[in-house]
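# Architecture and fold: a report
In case you want the letters, here they are:
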Amino acid sequence: MNHSTLREIATVSDPIERARALGMVMAEQQALVEEAARMRRQAIAEARESGHRLEDIANVLGVSPGRISQMRKGVTSRTPETPPEPTPPVIVHRSLPSEPTMYGTGCMFLSVAERQGVRAELRVLGVGLEPAPEHVATCLRTRPGEDVIARRRVMLADDVPVRIAISYFRADLFAGTPVMDPELLKPTMHEAIAAHGHTFGHAEETLVARPAARVETELLRLDPGDWVVQVLRASYSTDDTPIHVLETVCAATRHVFTVNQAGGCEVF
């Protein structure tokens, strides 16, 4: 990796794509560093076997003899940190495509978790206007960077964060409506939308697996290098107006995805 690579990635307009590219570069760089460290240990061992003293090797490398000993053992000079408490294992299920009946019962996650016997919780992280990411702007048919309404939540199962959900709405349609309230919409988000004259027509879903962004790693309490599965669901009214984009970021190791067969297929 070099600075020109980073400058090239910095020009990617979609922040999620930019984060994915940076994650891949960091993973490649880490693998390169680990291989270089292994080769350095081997070189130092060969130098010692050929009769070179630790002091001589240290002088050439510009470090102390003690540091050379650490290099040979593959340890660092930093004080070992206390390992963090491991996140308890938990598995939740997510059906694809999303079950329409679940949206009519309130929060789909809470409804499904209840059926699974999982203690579920939903926390609102924030509601407000923010620039639309490119992939969201495409679904809402707005310009990238144009203000849209964003409702951010985190979902927990047995006190373990498993998903981040962000609902996006066009500001020209929903500014000043209950959609902007900082609390959970009651009785359901669907009813809050329908109350403004929008009738559901159809939805489109896409799924992408990618390395977790830093903020996602923190919110979901993931290990460095863990991946997430992003499900993007764009909903349109009967007159094909883009109404709601739901971006769900799922901790990959805490989910089982069930994909339903399309109707009318009789092939094994």
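In short, a report on the structure. (Residues numbered from 1 in each chain as written. Predicted model: local features only at pLDDT ≥ 70, side-chain atom pairs only at ≥ 80, totals over all residues. Heavy atoms only, no water.)

### A word on the overall build of the chain
- The number of helices and strands found in the chain is ten helices and eight strands.
- Counting across all 268 residues of the chain, residues that qualify as buried make up 36%.
- Summarising the internal contacts of the chain: among those between residues at least 6 apart in sequence, 60% fall at separations of at least 24.
- Of the roughly 16100 Å² of accessible surface on the chain, 55% is carried by carbon and sulfur atoms. (Helix = DSSP H or I, 4+ residues; strand = E, 2+ residues; numbered from the N terminus. Buried < 20%, exposed > 50% of the residue type's maximum accessible area, 1.4 Å probe, protein only. Contact = heavy atoms within 4.5 Å. Areas by Shrake-Rupley, 256 points an atom, 1.4 Å probe, with all protein chains shown as cover.)

### Brief notes about the nonpolar core
- Counting residues in hydrophobic clusters, the biggest one holds 20 residues, and the most contacted among them are C139, L140, Y168, L220, L222, V228 and V245.
- Sequence-distant contacts of V228, defined by excluding residues within four places in its chain, comprise V208, A209, R210, P211, A212, E216, L220, L222, V249, C250, A251 and A252.
- Judged by nonpolar contacts, the second largest core, of eleven residues, contains F109, V118, L122 and V160. (Core = buried A, V, L, I, M, F, W, Y, C linked by side-chain atoms within 4.5 Å.)

### A look at the sheet that holds strand β3 (residues 147-157)
- If you walk across this open sheet you meet the six strands as β2-β3-β4-β7-β6-β5, and the pairing is antiparallel. Both outer strands of the open sheet, β2 (120-131) and β5 (200-211), are each paired with one neighbouring strand and no more. Between one strand and the next, the sheet's axes are offset by a mean angle of 15°, whatever the strand orientation.
- By the bridge criterion, eleven bridges tie β5 to strand β6 (residues 227-237) in an arrangement that is antiparallel. Of the residues in β6, the one forming a bridge with L207 is V231. (Pairing = 2+ DSSP bridges. Axes fitted to C-alpha atoms, helices over the stretch in contact; angles between N-to-C directions.)

### Some thoughts on the pattern of salt bridges
- In this structure the tally under the stated criterion is ten salt bridges.
- Between R119 and D159 there is a salt bridge, and its shortest N-O distance comes to 2.7 Å. Pair noted here: R119 is in the loop between α6 (108-116) and β2 and D159 is in the loop between β3 and β4 (160-170), with a separation of 40 residues, a long-range link.
- Measuring nitrogen to oxygen at the nearest pair gives 3.1 Å for the salt bridge that ties D240 to R141. With D240 in the loop between β6 and β7 (242-251) and R141 in the loop between α7 (134-140) and β3, this pair connects stretches of sequence that are 99 residues apart.
- Here R141 falls in the partly exposed class, since its relative accessible area comes to 46%.
- The structure contains a network of salt bridges with shared partners spanning R119, D158 and D159. (Salt bridge = Lys/Arg side-chain N within 4 Å of Asp/Glu carboxyl O.)

### Here's the deal with the environment of H202
- Following the sequence through the fold, H202 ends up in strand β5.
- Separated by 34 residues in sequence, H202 and Y236 place their C-alpha atoms 5.5 Å apart.
- Excluding anything up to four places from it in sequence, H202 contacts A234, S235, Y236 and D240.

### A few points about the environment of A150
- On the secondary structure map, A150 appears in strand β3.
- What makes A150 buried here is its relative accessible area of 1%.
- Sequence-wise, A150 and F169 are 19 residues apart; in three dimensions their C-alpha atoms are separated by 6.7 Å.
- Among all residues touching A150, those that are not within four sequence positions of it are G126, V127, G128, E130, I166, S167 and Y168.

Keep in mind these values describe shape, not function.
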